[in-house]
Amino acid sequence: MALTAYARQVAKTHPSLFRRLGEHAHTHFVLDPTDLPFVICLAPNGGTPQVRVTRGLGDGTARIAGPLAALLGLVHGAFDGDALFFSRDLVIEGDTAAALALRNAVDDAELDLSQEISGLTGPLAGVVQKAFALAERQTGVCLTRPEEAELW
């Protein structure tokens, strides 16, 4: 339920994300962090998203799989989706057009998941941002959207 609430907050702050899906706005996606024992099932529902975490393969029309670090880097614009795909760090199965539409929508939204989560914590936002920064430094996993200069 928390992930669904979070996804709906993202939908409010980035409504174009779901509009950009076009004909795929009701496609069910499976996001599979291959280094974790679960998958994330995303149903955009035309802008009223529903998210659930489940063990196993999940149920969806399009599946995007790869290490968690690669998936987060893709969301934050730190990694090139084409490079991840052609290096086989990212696997797309099922409706590839839907997966590409999701990738393009996420790219255009320029999401920063740590900023979105911090924004939900009210007066604790500064502390939460520092925790994300520390976790990012310690793990090397991209938890925030890098500045343009860092990408070059």
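Here is a short report on the structure shown in this document. If you're wondering where the values come from, they're calculated on a predicted model, not measured in any experiment.

**So, helix α7 (residues 125-139)**
- Helix length check: α7, at 15 residues, gives a terminal C-alpha distance of 21 Å against a target of 21 Å (1.5 Å per residue), a fit within 8%.
- Where α7 terminates, the next one or two residues include G140, which has phi positive at roughly 80°.

**Structural notes on the pattern of salt bridges**
- Evaluated as defined, the whole model comprises 5 salt bridges.
- Between E93 and R63 there is a salt bridge whose closest N-O contact spans 2.8 Å. Residue E93 is found in strand β5 (residues 91-94), and its partner R63 is found in strand β4 (residues 62-66); the two are separated by 30 residues along the sequence.
- R103 is the salt-bridge partner of D82, the closest N and O atoms lying 2.8 Å from each other. Of this pair, D82 sits in helix α4 (residues 81-86) while R103 sits in helix α5 (residues 96-109), and the two are 21 residues apart along the sequence.

Rules and cut-offs
- Residues numbered from 1 in each chain as written.
- Predicted model: local features only at pLDDT ≥ 70, side-chain atom pairs only at ≥ 80, totals over all residues.
- Heavy atoms only, no water.
- Helix = DSSP H or I, 4+ residues; strand = E, 2+ residues; numbered from the N terminus.
- Expected span 1.5 Å × (residues − 1).
- Salt bridge = Lys/Arg side-chain N within 4 Å of Asp/Glu carboxyl O.

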